[in-house]
Amino acid sequence: MPEPVTRRPDAAPIHSHPATLKRLEKSSGSLAAQAIARMDETLPWYRAMPPENRSWIGLVAQAGIAAFTEWFRHPDAPQAISTDVFGTAPRELTRAITLRQTVEMVRTTIEVMESAIDEVAAPGDENVLREALLVYAREIAFATAQVYAQAAEARGAWDARLESLVVNAVLSGEADEGAVSRAAALGWNSPEHVCVVLGTAPDGDSELTVEAIRRAARHAKLQVLTGVLGTRLVVIAGGSDNPLAVAKSLIGPYAAGPVVAGPVVPDLLAATRSAQAAAAGMKACSAWQDAPRPVLADDLLPERAMAGDPGAREQLVEEIYRPLEEAGSALLETLSVYLEQASSLEGAARMLFVHPNTVRYRLRRVTDVTGWSPSDVRSAFTLRIALILGRLADCDLQP
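What counts as what
Residues numbered from 1 in each chain as written. Predicted model: local features only at pLDDT ≥ 70, side-chain atom pairs only at ≥ 80, totals over all residues. Heavy atoms only, no water. Helix = DSSP H or I, 4+ residues; strand = E, 2+ residues; numbered from the N terminus. Buried < 20%, exposed > 50% of the residue type's maximum accessible area, 1.4 Å probe, protein only. Contact = heavy atoms within 4.5 Å. Core = buried A, V, L, I, M, F, W, Y, C linked by side-chain atoms within 4.5 Å. Expected span 1.5 Å × (residues − 1). Arc of directions from axis to C-beta.

Caption draft 1: Structural detail: the overall build of the protein chain. Tallying secondary structure elements over the protein chain gives 18 helices and 5 strands in all. When burial is assessed residue by residue, the protein chain has 45% of its 399 residues classed as buried. Restricting to contacts in the protein chain with at least 6 residues of sequence separation, those with at least 24 account for 71%.

Caption draft 2: Up close: the nonpolar core. Judged by nonpolar contacts, the single largest core of 34 residues is most densely connected at M39, W45, I57 and F68. Those elements that provide at least two residues to this core are helix 1 (18-42), helix 2 (44-47), helix 3 (51-73), helix 6 (99-115), helix 7 (117-120) and helix 8 (126-172). In terms of residues, this core owes the most to one element, helix 3, which gives 8 residues. Residue contacts for M39: discarding those within four places in its chain leaves Y46, I57, A61, M105, T108 and T109.

Caption draft 3: Seen up close, the environment of M113. The residue M113 is located in helix 6 in this model. Those residues in contact with M113, other than ones at most four positions away along the chain, are I65, F68 and L133.

Caption draft 4: Just helix 17 (residues 356-370), in detail. For helix 17, spanning 15 residues, the distance from its first C-alpha to its last is 21 Å, which sits close to the expected 21 Å at 1.5 Å a residue. All of the buried residues in helix 17 are V359, R362, L363, V366 and T370. One face of helix 17 carries all of its buried residues, which in axial projection span an arc of 100 degrees. Looking one or two residues past helix 17, G371 carries a phi angle of roughly 85 degrees, positive in sign.

Caption draft 5: Unusual backbone geometry, seen in detail. The omega angle of the peptide bond from R293 to P294 is 0 degrees, so this bond is cis rather than trans. Examined against the element boundaries, P294 turns out to sit in the loop between helix 12 (271-284) and strand 5 (295-296). Of note in this structure, S190 is not a glycine but carries a positive phi near 55 degrees. Within the secondary structure layout, S190 lies in the loop between helix 9 (177-185) and strand 1 (194-200). Residue class for S190 comes out exposed when judged on its relative accessible area of 53%. Despite not being glycine, S343 has its phi angle at roughly 60 degrees, a positive value. Judged by relative accessible area, S343 falls into the partly exposed class, the value being 35%.

And the structure:
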């Protein structure tokens, strides 16, 4: 349980009143019973709770009244209110009832005690007991706030460590069902579309950076798991099938430098593939000095391939070279000649002994098949690298 909350030094001194104290001691049991009955009557959430939790709440109410009695006995001595009252309940109770419910519970108990002042106080001590209860209620309010604040801090620290484990597992390629379970405990509800965004973490407090990512994610209506690993700010984002839009909505907290969005994958288990692509893109991004910010990992395929990324090499061969090969040798030959002739339609037509319109038609077919346009300088570069890697792959397949 949390550290004790001592009686505030500015509280008004309260002198002992033996007659009232004796009557208060005798009435404590009935006051606790009345408080529990009032909760059962006026608080729907209390009636709906399991018997075990109701019994713990009853003990807290009894402890609160007993602590007030002891506090009234020694008004000038420091009193550990949070320990006296909340120490009777297990720590799990702060998870079972909310702060609002706890405030309602305390208010109900105080109201019951206040309504009984005229009966409990000795003749002439009514105002004294009322003032004492008012001061004690204030101290209980501070104690309640501290209990929940410390519980929230503890949960926050634990959640941050848990989230870091999930993010690290995805980035290192070790994501498994255990990582999925930990993510679920953090509120991740398995969105259909997931991507990983990588960039450089800013200097300063990493907790502030993480909170900034969360605010941006809430605004964009995305689920995120995030963390600062070394110099990298890693975000696993779910809820959108547009990775570039995701990266743009989250880019604010990143430091200067490249920000790379991996491809969309179906779930958290597959997020390792997106993370690996984004990490390879971060490594290769310096080779494309005019790269946009943010940039898709798939837009960096040629640089990634030349930097030694096997996934990029395979993707270029399987998604560009093989479809062109299956579409017929004319497309491969036309593309190759067109690129060799510095993207000249007339030059390619002369080399192929065909009309320029034939070359133009075949190049449109290349775009339809691959999604990359030979007439675009950047796309032409990607297509050239794909042709080179495809030919090398064919050589490796030959006996």
